[in-house]
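What follows is the residue order along each chain.
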2 protein chains.
Amino acid sequence: MGTNGHASTLGEVAALAGVSKATASRAINGRHKVSPQAQAAVLDAVRELGYTPNGAARSLVTRRTGSVAVILPESDERVFTDPFFARLLHQVARSLREHDLQLVLLLAQPGDETRLLTYLRGRYVDGAVVASHHRDDHLAEHLSDVGLPCVFIGAPWTGGERVSVVDSDNTGAATQAVRVLLESGRRRIATIAGPGDMRAGHDRLQGWRQQLEAAGLDSSLVAFGDFTEDSGAAACAQLLDAAGDLDGIFAASDLMALGAMRELESRGIRVPDDVAIVGYDDLGVAERTRPPLTTLRNPIGEMATEAVRILLEAIDHGGRGAPRRVVFVPELVRRDSV
Amino acid sequence: MGTNGHASTLGEVAALAGVSKATASRAINGRHKVSPQAQAAVLDAVRELGYTPNGAARSLVTRRTGSVAVILPESDERVFTDPFFARLLHQVARSLREHDLQLVLLLAQPGDETRLLTYLRGRYVDGAVVASHHRDDHLAEHLSDVGLPCVFIGAPWTGGERVSVVDSDNTGAATQAVRVLLESGRRRIATIAGPGDMRAGHDRLQGWRQQLEAAGLDSSLVAFGDFTEDSGAAACAQLLDAAGDLDGIFAASDLMALGAMRELESRGIRVPDDVAIVGYDDLGVAERTRPPLTTLRNPIGEMATEAVRILLEAIDHGGRGAPRRVVFVPELVRRDSV
DNA sequence: TTGAAAGCGGTACCAA
DNA sequence: TTGGTACCGCTTTCAA
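For every chain, the first residue of the written sequence is number 1, and numbering continues from 1 along that sequence. Labels are handed out in written order, letters beginning with A for the chains and numbers beginning with 1 for the ligands. Where local features are concerned, this predicted model is filtered to residues with pLDDT of at least 70; where side-chain atom pairs are given and counted, the filter is 80 or more; whole-chain, interface and lining totals use all residues. Values shown for side chains rest on all heavy atoms present in the structure; no hydrogens or waters enter the calculation.

Looking at an unreviewed UniProt entry, chain A carries the name DNA-binding LacI/PurR family transcriptional regulator, with the source organism given as Nocardioides perillae.

Pasting the structure below:
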C-alpha cells in the first residue's frame, strides 16, 4: 500500500506506468507478450506503490485462490499430540509448495461443521485434503455436494464412492501384526483398538480378529482407545485385569503401544519376555520406546504426496473426472518388542 | 449447486423466486426489511438450487471474508508437540466461534514467508493472530506493511510499536522462579533457556540472570534448548557435566523441565532433594511429572481471548486505530519439585 | 503488442 | 419494501 491506509489497485499501477489496466495485468501475470518497456514500467509502478492484487477480485474471475485446505475434523487434543498429523501436514505442505500453493489448515470441531461448509462453499480454497474423519461427520457427502475438489486420506465411512481416496491396507497390516505375534509363539493375543467410528480403527481391529480366528484362537480380548498414549495405558490395564495370562498385544497405534508399555512396566511385566507387543505407525516414537517397538509403517508421507497429486489433477480438470482410488501397503518393521 | 456441475448464482435464485437480485440479496443476508412472501420465495429458491454465495464476489464488495488466520512461523515439529499451541488454538477458535468467524491456521515454514505474505496481502482473511514468531521473520514489519489487522501474542523483536501485542511478563515470572529456588536454600542455580531468537526465551533468561545477580550469585550456568523435551534433557546433561554441584534449575518450559527430570533420574539425582527445579507453562504436563512440577502459569488462554478481542475491534475499525498493548502476569504454581 | 470494454457474482445506493 | 444500477478490482475477449 502507499503511504496512506488504502491498498493500491491495478488501475493506479497502470496509470503510474502509463499503460492500460490490461497491459498492467499482463505484465504482472507474465503469461502474455508485453514489450520490455511496458514490462519495466509496470514493475516499477508495482514496487513504488507496494501493489499486490486483490485476491477476491482475482479469484472472482480466475476461479482460483491459490490455496488448498487440509481439513482435520478432530479434537485439537489429538491433532496436537499425534505425530501422524505433523507428518501429514509436513508432507502436504511440501508438495503444495512445489506448485506455489498456500496450505490452510482447517480444524473442524465436531459439531460446528456448518460454518466450515459455508466457508468451503464460498470457494475460499481451490480444494481440500481430508484426514482423520469420523463416521458421523459425513464429510464425503457434504464435500461432494459442495462440489469442491477433494481427496480423502483413509476411506470415509459413507459416500466414499463419490470422492477420491488414498488409503492404506489397514486390515492386511493388522493381520501381519498378528502373524508376527503368532510366529513368536504367542497364543493369548489381545488388541488395543482405535476408535470404532474411524475407519483405521475399525479395519485394524478387523484384521486382528480375522487372523486370530484363522488360527483358531480366542478373539475376544479387545479394549478400545482413541489413539492417544493415555488411552493405551488405560486399555492395557483393562486387558490385564480381564486376562492376566495374555502374552501378546497388537496396539492400533504406537502411541497406544507406548501407553501400554508404561502400564506393563508399572506392573513389572517384561516386554517382550512376558508380553510381546506390536504397534502401528512408525512415525518416530516406535524407535524411542524401551525396547524399541516392532510396528507397521504407516505410509502417511507417501499417502499425503499422492493425495496432493490427485487433488491438483482434479482442480486442473475443474473438479470433473471420476473419483480416484489408491491403496498403499504398510510394511512391517521388526524391532525388539516381539 | 444444481444437478449439473455449475454453482448457482444470485441471479438464478432471484429469477426462480421472481424477485430482483437486490431483494434476493436482502432476503439472504437478512439485515433489511423484506416482505414475508419475498423472503419465503427466495429461501425456497435457495434451497432448490442449493445456492451459496460466492465468497470472492461477496468479499470484493464487503471487504470481509469471515475468516481469521492464526499464523505460526514455527517448525511443524514444535507446533504439533507443544501443548502451548493446542491451548492457544483451542481458545482462539472458541472466541472466534462466538462471532461466527472461521479460523484458518497458517504454518509459515521459516524461509518461505513470501507466499504467506502474498496470501495475506490478497486479503483472504480479515485479520491475523501471530504467535511463536522469531527474531528473523520480521513478521511485525511485514504485516504492518501489508496493512492487515493483526495482534501478536508475545512481543515481536522488531516493529513491535507498529502492531498490537498481548504479552506476559516473562522477565518478572522468571525472577519469581529464581526467588522460589533461593527461598528453598539453593545457591547453585542453573537455567535451561529457550531459543535466543524468541522473546519468551530471551526474557526468561534475563529474569533468571537479574535475580541471581541481585542475590550476588553465579549467573553463568546456562544451557539452551528449543522448548522441546529432548532439548531439555540434552541441556540438563550439559549443565550437569559442567557443574556437578548445581542444586537448582529454572527451565523455560515445562517440556524442557520434563526432559531435565528424565536426565536427572537417569543419573540417580533426586528431585527436589538433590536438585530443585522450576518449570514454565503449566499447561498440563507439569501436573503429571514425578514429582509434580512447581512452575509458572503461562496465561495463554487468557492471552488468546484478549488477542481475538483486540483483533476484532481492529477489524471493525478498518485497521485504523493505534496499536494496543496488554500484559498478563504469570502466577506461581507451587507443587513438589522445589 | 496494446487498449477498450465486457464481465465474474455479489452488495448497496437511490428513486420509486 | 422493491428494482435498477453503479460499482468492488481484476482478467480476458476482441479489434485495432
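The discussion continues.
It is worth spelling out the protein's contact with DNA strand C at this point. Residues are counted as near a molecule or strand when any one of their heavy atoms sits within 4 Å of it. DNA strand C sits among 29 residues. The nearest are K33, S35 and R63 of chain A together with L10 and S25 of chain B. Atoms of DNA strand C within 4 Å of the protein belong to the sugar or the phosphate in 67% of instances, the rest to bases. Y51 of chain B has a polar side-chain atom sitting 2.9 Å from a sugar or linking oxygen of DNA strand C. Note that a phosphate oxygen of DNA strand C is positioned 2.8 Å from one of the side-chain N or O atoms of R58 of chain B. At the level of elements, helix 2 (21–29) and helix 4 (55–62) of chain A together with helix 2 (21–29) and helix 4 (55–62) of chain B are the ones that each hand at least two residues to the surface near DNA strand C. Taken together, the residues of the surface near DNA strand C sort by class into 13 nonpolar, 10 polar and six charged. Pairs of N or O atoms within 3.5 Å make up the polar contacts considered here, provided that, within protein, one atom can donate a hydrogen while the other can accept it, and that residues adjacent in sequence are counted only when both atoms are side-chain atoms. Numbering of helices and strands runs from the N terminus; a helix is a DSSP stretch of H or I covering at least four residues, while a strand is a stretch of E covering at least two. Only Asp, Glu, Lys and Arg are considered charged, only Ala, Val, Leu, Ile, Met, Phe, Trp, Tyr, Cys and Pro nonpolar, and every remaining residue, Gly among them, polar.

Looking now at the protein's contact with DNA strand D. What surrounds DNA strand D is a group of 27 residues, the closest being L10 and Y51 of chain A together with K33, S35 and R63 of chain B. Near the protein, meaning within 4 Å, the atoms of DNA strand D are sugar or phosphate in a fraction of 65%, with bases accounting for the rest. Within the side chain of R26 of chain B, a nitrogen or oxygen atom sits 2.6 Å from a base oxygen of DNA strand D. Measuring from a phosphate oxygen of DNA strand D, one finds a side-chain N or O atom of R63 of chain B at 2.4 Å.

Let us look at the pairing of strand 5 (residues 164–168) of chain B. All names here are of chain B. Whether a residue is buried, partly exposed or exposed follows from its accessible area with a 1.4 Å probe, protein chains only, as a fraction of its type maximum: under 20%, in between, or over 50%, in that order. Burial within strand 5 is extensive, with five of its five residues counted as buried. Burial along strand 5 is two-sided: the face carrying S164, V166 and S168 and the face carrying V165 and D167 are both buried. When strand 4 (residues 150–153) meets strand 5, the two strands line up parallel, connected through three bridges. If you follow V151 over to strand 5, its bridge partner there is S164. Taken together, the four bridges between strand 5 and strand 11 (residues 325–328) define a ladder with parallel strand orientation. Within strand 11, the residue paired with V166 across the bridge is V326. For two strands to pair, DSSP has to find at least two bridges joining them.

This brings us to the sheet that holds strand 8 (residues 248–251) of chain A. Residues and elements named next belong to chain A. If you walk across this open sheet you meet the four strands as 7-6-8-9, and the pairing is parallel. Both edges of this open sheet fall to strand 7 (222–224) and strand 9 (276–278), since each of them pairs with a single strand only. Direction aside, the axes of adjacent strands within the sheet are offset by 20 degrees on average. With four bridges joining them, strand 6 (residues 189–193) and strand 8 adopt parallel strand pairing. Among the inter-strand pairings, A190 is bridged to a residue of strand 8, identified as I249. Two residues form a contact once any of their heavy atoms are found within 4.5 Å. Axis definition: a line fitted to C-alpha atoms, over the contacting stretch in the case of helices. Angles run 0 to 180 degrees between N-to-C directions. Contacting strand 6, strand 8 and strand 9, helix 9 (residues 170–183) crosses the sheet at an angle of about 160 degrees to strand 8.

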